[in-house]
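Coordinate analysis (summary)
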Amino acid sequence: MDVEEFEADALIAKLKAARTGRNDTNGGGTQAALTLRERFRRAMFFQEVAVRPNFEFGYWETTLKRWRDQGLPEHVVDEASAYEYFGIENWVMVPVNLGPTAVCEHKVLEEDEEHQVYRDSMGCVAEINKKGDKSIPHFLDFPIKDRASWEPFKKALDPDDPSRYERIEEALPDLAAATMPVGVPGGSLAGTPRNLCGFERIAVLPYEDPDLFREIVDTFGHCIVTVLERVLPLIQVDFCMGWEDICFNGGPIIHPAVYSEVIGPWYRRIADLLVRHGCCVYTTDTDGNIMPLVDVFVDNGLNTMFPVEVHGGSDPCALREKYGRRVRLWGGFDKMALLKSRQAIDDELDRLLPYVEQGAFLPGVDHRVQADVPLDHYKHYLDRKRELFHVGGEPKY
Amino acid sequence: MAEILEQLAMCIERGKVNASSPYPPDLKGQEGADELCKKALDDGLAPNDILANGLVVGMNAIGRKFSKNEVFVPDVLMAAKAMTAAMEHLRPFFDSGEATFKGTFVVGTVQGDLHDIGKNLVAMVVEGGGYKVVDLGVDVSPEKFLDAVKGNPGATVGLSALLTTTMVNMEKTVSLVKEAVPGTKVIVGGAPLTQEFADKIGADAYSPDPQGALDFLAAASA
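Treat the numbers as computed from the prediction; the structure is a model and nothing was measured. (Residues numbered from 1 in each chain as written. Chains lettered and ligands numbered in written order. Predicted model: local features only at pLDDT ≥ 70, side-chain atom pairs only at ≥ 80, totals over all residues.)

1. Digging into the interface of chain B and chain A
On the chain A side, the residues contacting the 22 residues of chain B number 30 residues. Ranked by residues supplied to the side of chain B that touches chain A, first place goes to helix 4 (residues 73-96) of chain B with 5 residues. Its residues assigned to classes, the side of chain B that touches chain A shows 13 nonpolar, 5 polar and 4 charged. (Contact = placed C-beta atoms within 7 Å. Helix = DSSP H or I, 4+ residues; strand = E, 2+ residues; numbered from the N terminus. Nonpolar A, V, L, I, M, F, W, Y, C, P; charged D, E, K, R; others polar.)

The following block contains the structure:
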């Protein structure tokens, strides 16, 4: 799940389902009685675990539709039912908003049979291809153009806004009793500012208006830290997951030196806060080639790499070789192998095996499964992953 | 090469747009690509000379560093901004025909795909390399690519895709363009692509980075 796409209602529903019993279906010995939450904690602390958590990243919207023609049952219509069918385990998130609140109403501006142009609640104007894959919209205009247009977002990042916390109280009993890992959002220090400024603008803003760039990052950081300071005493969390998506195959769109100087200290503050509340697994969702940023992440306590997109230039094996136990890994299976062949899938899993066995590595596809992946390949991947890595969950196929 | 063109190339490579731009800090207050290009024209240097020995040298330098992972996207974008500022002075000469581009590059993201970050980077670097760029945007049909090729005889075509599901439209575009206008060169790029895929669909080249596209254009026109 992208933290960016976090939906409070959906999570509340998932929380209800999270208060289930222990998973004793896939293990042996004393560890068979461990809950998924306990298995997650052991796995992420380099401890032995008989049944590793079986986490995945989800699917493109069109993937399940295409698989229908390849034998996917009619009742598998969304990520939740797909996870149930494929035997994939899951986690839950604390329903709290660490980002900007809405500055305007979501509105469809233009629409025809093929395309829709809309302005979202942040003021971004974007186009989606209605018939195609909506994985990432095409942004046409961005709300933050200068210091004046940034002003409304200061108010939108007020940590005292009660709407940020309105779903927590209802969720707390289920979160406390959850047998799944409980995560808290880590917010976004670069990704959401990128969405609000635009790719090219955010990349050069540190050079053209360094004071504004720092002010934007600091305002986001202040909001994130303040909200976490209020939430973390309420519930024990197992991990923190932010969202950045700040890299592509050419590396980060914000220079690593700038990232280290301006954004790194906020990761450190968040990491220290998490540790004070007993949470030592801190990650942020960043696709593409993260390798030039990993020093910044690790040096500032952001210790878990997710989803480690291999074709984008990231490499879980190289990360473990270089950083050893300083990095935890989550994802890291090259999604492109799913397109190729069963042999390619086997080869990729074999490549990861020695590093998974080192611990603190939850293997999974490194992004959403694309629509052109054959269902047969995907099932083979899941079966082989289960066999090789001893992951949990019970498939229904 | 004239000293002013060396300075201009340096300003392009380092992203020094003009005298008032604060970046890079060690060049603060000094003239940038904007002022130096105007000065070069005032000194009587030919627009093609300024393009070839100033702008192109600077953009080539940053493009090569980017392809070797020695610099990052923001460095390329700042260089492109400096190049654009300089090109504003040269554009009237190209529009009038007094100066000529090295060639024309028709570029776009293929049908069904709305992603443009990679395509835009390629367009910037290729333009900085001395080529006229006809940017068709995103979600471009094979027919629209063909129309652009017919409207720009001798143009090389660049196709971009981010989604594996739209890569099939690259093949359709390559087939249509090459069938209708034999001899047209096509280069493809995008995160999910490989040389193997480029070979399979009959493209002339694949490049994982903008500089590769520029190098291909240079080799094709040599």
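2. A closer look at the domain arrangement of chain B
Accessible area lost during the coming together of the parts is what is often quoted as the interface size. Residue and element names in this part refer to chain B. One can read the domain layout of chain B as domain 1 (3-96) and domain 2 (104-221). Placing the centre of domain 1 and that of domain 2 at their C-alpha centroids yields a distance of 26 Å. Those elements that provide at least two residues to the side of domain 1 that touches domain 2 are helix 3 (47-67) and helix 4. Per element, the largest residue contribution to the side of domain 1 that touches domain 2 is 10 residues, and it comes from helix 3. Considered class by class, the residues forming the side of domain 1 that touches domain 2 number 9 nonpolar, 3 polar and 1 charged. (Domains from an automatic or database assignment.)

3. Considerations on the sheet that holds strand 6 (residues 182-185) of chain A
Residue and element names in this part refer to chain A. Here 7 strands make up an open sheet; going across it, the order is 1-6-7-10-11-12-13 and the pairing parallel. If you trace the sheet from one side to the other, it starts and ends with strand 1 (92-93) and strand 13 (361-365), each paired once. Bridge analysis of strand 12 (residues 328-333) against strand 13 gives 5 bridges, and the strand direction is parallel. Directly across from Trp330, in strand 13, lies its bridge partner Leu362. Most of the contacts of helix 12 (residues 316-323) go to strand 12, to which it runs at about 155°, and overall it touches strand 11 (304-306), strand 12 and strand 13. (Pairing = 2+ DSSP bridges. Axes fitted to C-alpha atoms, helices over the stretch in contact; angles between N-to-C directions.)

4. Observations regarding the environment of Glu89 of chain A
Residue and element names in this part refer to chain A. Inspection of the secondary structure assignment puts Glu89 in the loop between helix 4 (79-86) and strand 1. Looking at Glu89, the number of C-beta atoms within 10 Å reads 23, which means it is buried. Expressed as a C-alpha distance, the spacing of Glu89 and Gln47, which sit 42 residues apart in the sequence, is 19 Å. Apart from residues lying up to four places away in sequence, Glu89 is in contact with Leu36, Pro53, Asn54, Phe55, Gly392 and Gly393. (Buried ≥ 20, exposed ≤ 12 C-beta atoms within 10 Å, placed from the backbone.)

5. Digging into the nonpolar core
All names here are of chain B. Judged by nonpolar contacts, the single largest core of 176 residues is most densely connected at Leu8, Ile12, Ala33, Val76, Ala82 and Ala86. Element by element, the count of residues in this core is highest for helix 4, at 11 residues. Aside from chain neighbours lying at most four places away, what touches Ala33 is Leu8, Cys11, Ile12, Lys16, Val17, Ala82, Met83, Ala85 and Ala86. (Core = buried A, V, L, I, M, F, W, Y, C linked by C-beta atoms within 7 Å.)

6. Thoughts on helix 8 (residues 199-208) of chain A
Helix 8 of chain A sits mainly inside the fold: 7 of its 10 residues count as buried. Residues of helix 8 of chain A that are buried include every one of Glu200, Ile202, Ala203, Val204, Leu205, Pro206 and Tyr207 of chain A, and no others. Against the buried residues of helix 8 of chain A lie helix 7 (191-197), helix 9 (210-231) and helix 10 (256-276) of chain A together with helix 4 of chain B.

7. Regarding the confidence of the model for chain A
Scored by pLDDT, chain A has a mean of 92; 91% of the residues are at 70 or more. Long-range and interchain partners of residues 1-6 of chain A, a stretch whose pLDDT sits below 50, account for 12 contacts in this model, where long-range means more than four residues apart. (pLDDT = per-residue confidence, 0-100.)

8. Here we look at the packing of helix 1 (residues 3-14) of chain B against helix 4 of chain B
Residue and element names in this part refer to chain B. Where helix 1 contacts helix 4, the axes come no closer than 6 Å and their chain directions differ by 135°. If you check the angle between helix 1 and helix 4, you find them oblique. Residues Leu8, Cys11, Ile12 and Glu13 of helix 1 form the contact with helix 4, whose own contacting residues are Ala79, Ala82, Met83 and Ala86. Split into classes, the residues belonging to the contact of helix 1 with helix 4 amount to 7 nonpolar, no polar and 1 charged. (Parallel < 35°, antiparallel > 145°, perpendicular 65-115°, else oblique.)

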